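Examination of the molecular architecture
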Amino acid sequence: MALAKFDVSKKVPISRAKIGDESQRWKNVTLKAMGGSEELSFPVMQASTVNEVRVMLAEVLGEDLSKIELYEKKGCQMKRLRNHEEVPTKVLVKGIKNFARKVEIYPHPFVVLGAGHLGLRQALHWQKIGQDFILFDRKSKIGGNAWNGIANKTSKLQSEGAHYQLDYDVSDGVERLLPFNKYSFWPSRDDILGHFHDVVTEYNLWPHMVMSTQIMDIEIIPEPKGAHERMKAYKVKHLHVGDRFQGQQDATQNALAEFSGQTLGMGEAMASCMAFYPGALASPHRKTFPGEDIFGGQVGYGFNDEFDYTKTTGQNGIVIGMGAFAVENIRTVMENNSGKFYIIARHHNLLLPRMLSWYVNQSRMPPPAAVILRAMEPMYKYYGKDPWSYHSVMTNADRSVASIKQYTRWGIGDIYFLGVFYGKVETVEGQLKRLKRRMAVITSGRVIKDIDHVIKTLGFDSDFGIDKINHTKKHVGYWPDGDYRRWVASDQSAIDASRFGGTAISPYAALCAYWGTHFMHYPEDGKRLLEAKILAENVAKPEVGAAAYMFEPRVAATVQVAYGSSVPEMGDWQASNDAFKKTSMWAVCPPERFLEECEKDWFHYCRKFKEFGDDREFPPYPYTLDWTFDLLRQEEEDGIQFAVKGGQLTKEQADELRESNIGKFEQRCGEAK
Ligand SMILES: Cc1cc2nc3c(=O)[nH]c(=O)nc-3n(C[C@H](O)[C@H](O)[C@H](O)COP(=O)(O)OP(=O)(O)OC[C@H]3O[C@@H](n4cnc5c(N)ncnc54)[C@H](O)[C@@H]3O)c2cc1C
């Protein structure tokens, strides 16, 4: 296995050495491995002792402290330095051959839970670096709960296909990514499952995968007395469940309840480290509303093909809820040439037009909410509402700063806005009180008449059973009870931020695969992070459907910042992953082509509405190339201002950069036209 190189250009990561009063000066210490030529220089405080440097070396490089000795050359003599002495500026080190960090070697394979996007991405990472692993999933097919238990056969990705690819990996570059002529800008459920299948086959992950197998419990087996802590292990108790969970929405707690006490089909595997990717959409909320029995039309849930959309042609209905699934359901009924559909929601939720999803996902630095809200305005004209006036928006008088907080994930799409323009979609604020025959009574007192369909999209809980099998009391960052050899992560189910990092999961999947592994390979970094107490903690909150691994979005953001800023290698990797967002998007999904495709879809729906008797002139697509490049210019300016504030650029350098950028977008825009 490759050894990670100690980066000599940086300060030692969060050294535990008590190196004196902060006001003292730093000095540079250069270490040279005895018998080798490699040198390592790093700053320490003036009064740092020999022992502090020995301890730091042992921890950071994963070496045995008792074998490390420091020497100083005095003329032609070598003087062994004693622990209490102040460390000199030039030191020879005995007991270390080179300054490469040692990857921890464990006795057992690693285990992945979940064969959804995140779990498969982790498996791919471990396969690429030669780490032995076993992946368990209770479903018989890969693709996860998202694509094997929730999506409809008509479902499509809402964000861009460019950033929903398993082998999205900055170290492989853009060549590995599927271009838009092979994998659509908005791939369907089957496209996605086909892509997952191809990647798993290409990288030969199948021999590592144990499908139809539910993880029932994790027993922590401490290391034997006196043994190194790498000998600590996890006994993974698993149960063969056959086809029971394929094509179902499910959660570990349901499976635990159903199979409790069963011994037939039970097995055990030993693991040294584990990564859990159980998903955020584990249990759909189900509720029977008063009057469903007398409604007389179709009442069902808007996922997993539970609803027959073909029956909506020419008929009216309601969709309960206004998150990403409501958007998906509106698109589907419109494709079936439905009549009018009403969205019933406590509040109007902000939805993201496609061009804005593209913009956010290609941005190196998360764009500010104020920029996003301003960019929503052209599309929201069709909706007849000012995006700044939404309950979820907090802003100042001149709307120069803003934050957005919503209890749903972003619903992305243009068709919803077009549907409102054509009078085919209406959002009704309130809750469904009861159904009557072909009618819906809303808590506001409004009665919606002449409806034939009720589609329920009521939200999802995360998987409380994951806390149970891990025996988790609280999460410390992504670690159950602060155990840095178990990593639990999922996407977010809500929005709360003043900057937005992305709507597509692949960059995050790559980050998780790399970050989780880092602490398994370099456990000392995990220990130091815990000692520094900078990771946010979280407990399960059943009242909002959140297991302990599901942080509130703002807290989740602080956890990511803590990981990224505390370990230099991880921060560097994150920076290159962020930069790859732009490179990959522009290579696979360039703005001109993406805009063209958005327009094509827009006018396709306009023609559909015309066929259904609306003779109005087609409304223009609200975004243009000039508009797009103007937004991109704002992104560059935002980046420049951020760098000036952070001291990475002087004012003069910033002006130079602006100067060199002038004309860049105009030229591209001109060429595209
Ligand atoms: C219709 C639809 C559209 C979407 N559109 C987008 C989009 O446009 N962009 C985007 O980024 N995301 C989108 N998503 C979100 C999607 O959920 C995520 O992108 C991603 O697929 C989640 O993957 P995951 O691996 O985290 O979880 P999941 O897909 O939920 O997989 C978790 C897996 O873990 C397994 N598991 C859990 N517990 C156990 C256990 N104890 N033992 C064994 N196995 C277990 C489950 O069986 C499951 O297979 C969409 C989702 C849906 C349903």
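Residues numbered from 1 in each chain as written. Predicted model: local features only at pLDDT ≥ 70, side-chain atom pairs only at ≥ 80, totals over all residues. Heavy atoms only, no water.

This part is about the overall build of the protein. Counting secondary structure elements, the protein contains 19 helices and 33 strands. Relative to the globule expectation of 26 Å for 673 residues, the C-alpha radius of gyration of the protein, 28 Å, shows essentially globular dimensions. Projecting the C-alpha coordinates of the protein onto the three principal axes gives extents of approximately 100 × 70 × 45 Å. Among the 673 residues that make up the protein, the fraction classed as buried is 56%. (Helix = DSSP H or I, 4+ residues; strand = E, 2+ residues; numbered from the N terminus. Rg over C-alpha atoms; globule rule 2.2 N^0.38 Å. Buried < 20%, exposed > 50% of the residue type's maximum accessible area, 1.4 Å probe, protein only.)

This part takes up the nonpolar core. Considering soluble globular proteins, one finds that nonpolar side chains tend to be buried as a cluster. Ranked by size, the top nonpolar core spans 131 residues in total, and within it Leu-356, Trp-487 and Tyr-563 carry the most contacts. When residues of this core are assigned to their parent elements, the largest contribution, eleven residues, is made by helix H9 (residues 369–383). Within the second largest apolar cluster, 26 residues are counted, among which are Leu-113, Met-216, Ala-255 and Ala-280. (Core = buried A, V, L, I, M, F, W, Y, C linked by side-chain atoms within 4.5 Å.)

Taken in spatial order, the three strands line up as S20-S21-S32 in an open sheet, and their pairing is antiparallel. Of all the strands in the sheet, just strand S20 (393–395) and strand S32 (495–497) have a single pairing partner and so form its edges. Averaged over all adjacent pairs, the angle separating strand axes in this sheet is 20°, with direction ignored. Examined bridge by bridge, strand S21 (residues 402–406) and S32 share three bridges and lie antiparallel to one another. Among the inter-strand pairings, Gln-406 is bridged to a residue of S32, identified as Ile-495. (Pairing = 2+ DSSP bridges. Axes fitted to C-alpha atoms, helices over the stretch in contact; angles between N-to-C directions.)

End to end, helix H2 (residues 117–129) covers 19 Å across 13 residues, agreeing with the expected 18 Å (1.5 Å per residue, within 8%). The complete set of buried residues in H2 reads His-117, Leu-118, Gly-119, Leu-120, Arg-121, Gln-122, Ala-123, Leu-124, His-125 and Trp-126. Residues of H2 that are buried make contact with strand S8 (110–113), strand S9 (133–136), helix H4 (189–202), strand S10 (209–210), strand S14 (273–276) and helix H12 (506–521). One or two steps after H2, the chain reaches Gly-130, where phi turns positive at roughly 80°. (Expected span 1.5 Å × (residues − 1). Contact = heavy atoms within 4.5 Å.)

This brings us to the domain arrangement of the protein. Looking at the protein, the domain boundaries give domain 1 (4–101), domain 2 (110–282 + 461–538), domain 3 (286–458) and domain 4 (624–673). On a C-alpha basis, the centroid separation for the pair domain 1 and domain 2 is 39 Å. (Domains from an automatic or database assignment.)

Relative to the assigned elements, Asp-525 resides in helix H13 (residues 523–532). Looking at Asp-525, the relative accessible area reads 1%, which means it is buried. At 3.0 Å, the side chain of Asp-525 and the side chain of Arg-101 are in polar contact. At a separation of 2.7 Å, a polar atom in the side chain of Asp-525 contacts the side chain of His-518. In this structure Asp-525 touches Arg-101, His-518, Phe-519 and Val-567, once residues within four positions along its chain are discounted. (Polar contact = N/O pair within 3.5 Å; in protein donor to acceptor, adjacent residues only side chain to side chain.)

Through backbone hydrogen bonds, the strands of a sheet pair up, either in parallel or in antiparallel fashion. One open sheet accounts for five strands, arranged S16-S27-S17-S18-S23; its pairing is parallel. Edge positions in the sheet fall to strand S16 (298–301) and strand S23 (425–429), since each has one partner strand and no second. Recorded for the sheet is a direction-independent mean angle of 20° between the axes of neighbouring strands. One ladder, built from four bridges, connects strand S17 (residues 317–320) with strand S18 (residues 341–345); its direction is parallel. Its bridge partner lying in S18, Gly-317 is registered against Phe-341. Where helix H7 (residues 324–335) meets the sheet, it contacts S17, S18, S23 and strand S27 (453–456), and its direction lies at approximately 170° from that of S18.

Helical geometry note: an α-helix holds 3.6 residues per turn, so side chains three or four residues apart project in the same direction. Its 14 residues give H4 an end-to-end C-alpha distance of 20 Å, which sits within 8% of 20 Å, the value for a rise of 1.5 Å per residue. The set of residues buried in H4 consists of Arg-189, Ile-192, Leu-193, His-195, Phe-196, Val-199 and Val-200. Taken around the axis of H4, the buried residues stretch over an arc of 160°, which confines them to a single face. Exposed side of H4, more than 90 degrees from the buried face: Asp-198 and Glu-202 are the residues found there. Each element contacted by the buried residues of H4 is listed here: H2, helix H3 (144–150) and S10. At the exit of H4 stands Asn-204, carrying a positive phi of roughly 55°. (Arc of directions from axis to C-beta.)

Once that is clear, we can look at the state of the cysteines. Scanning the entire structure with this criterion turns up zero disulfides. Free of any disulfide, Cys-273 has its nearest neighbouring cysteine sulfur in Cys-512, separated by 16 Å. Accessibility expressed as a relative area gives 0% for Cys-512, which makes it buried. (Disulfide = S-S within 2.5 Å.)

Here we come to the site of the ligand. For the ligand, the set of nearby residues contains 39 residues, the closest of which are Asp-137, Gln-158, Ser-159, Tyr-164 and Ile-215. A distance of 3.4 Å separates an oxygen atom of the ligand from a polar atom in the backbone of Thr-503. Residue assignment for the shell around the ligand shows that the elements contributing at least two residues are H2, H3 and strand S11 (213–221). At five residues, the largest contribution of residues to the shell around the ligand is made by H3. Looking at side-chain class alone, the shell around the ligand contains 17 nonpolar, 15 polar and seven charged residues. (Near = heavy atom within 4 Å. Nonpolar A, V, L, I, M, F, W, Y, C, P; charged D, E, K, R; others polar.)

Turning next to the pairing of strand S13 (residues 266–271). In S13, alternate side chains face the same way, and those of Gly-267, Ala-269 and Ala-271 are buried while those of Met-266, Glu-268 and Met-270 on the opposite face are not. For strand S12 (residues 233–240) and S13, the ladder comprises six bridges, and the chain directions are antiparallel. Of the residues in S13, the one forming a bridge with Lys-237 is Glu-268.

Applying the stated criterion to the full structure yields 40 aromatic pairs. Look at Phe-303 and Phe-460: their rings are 5.7 Å apart centre to centre, the planes differ by 50°, and that puts the pair in the tilted class. One end of the pair, Phe-303, is in the loop between S16 and S17; the other, Phe-460, is in strand S28 (residues 460–461), and 157 residues separate them in sequence. Classification of Phe-460 by relative accessible area gives buried; the value is 14%. Judged by centre distance (5.4 Å) and plane angle (80°), the rings of Tyr-382 and Phe-421 are edge-to-face. Remark: Phe-421 occurs in helix H10 (residues 415–421) and Tyr-382 occurs in helix H9; sequence separation between them is 39 residues. (Phe/Tyr/Trp six-rings, centres within 6.5 Å; stacked < 30°, edge-to-face > 60°.)

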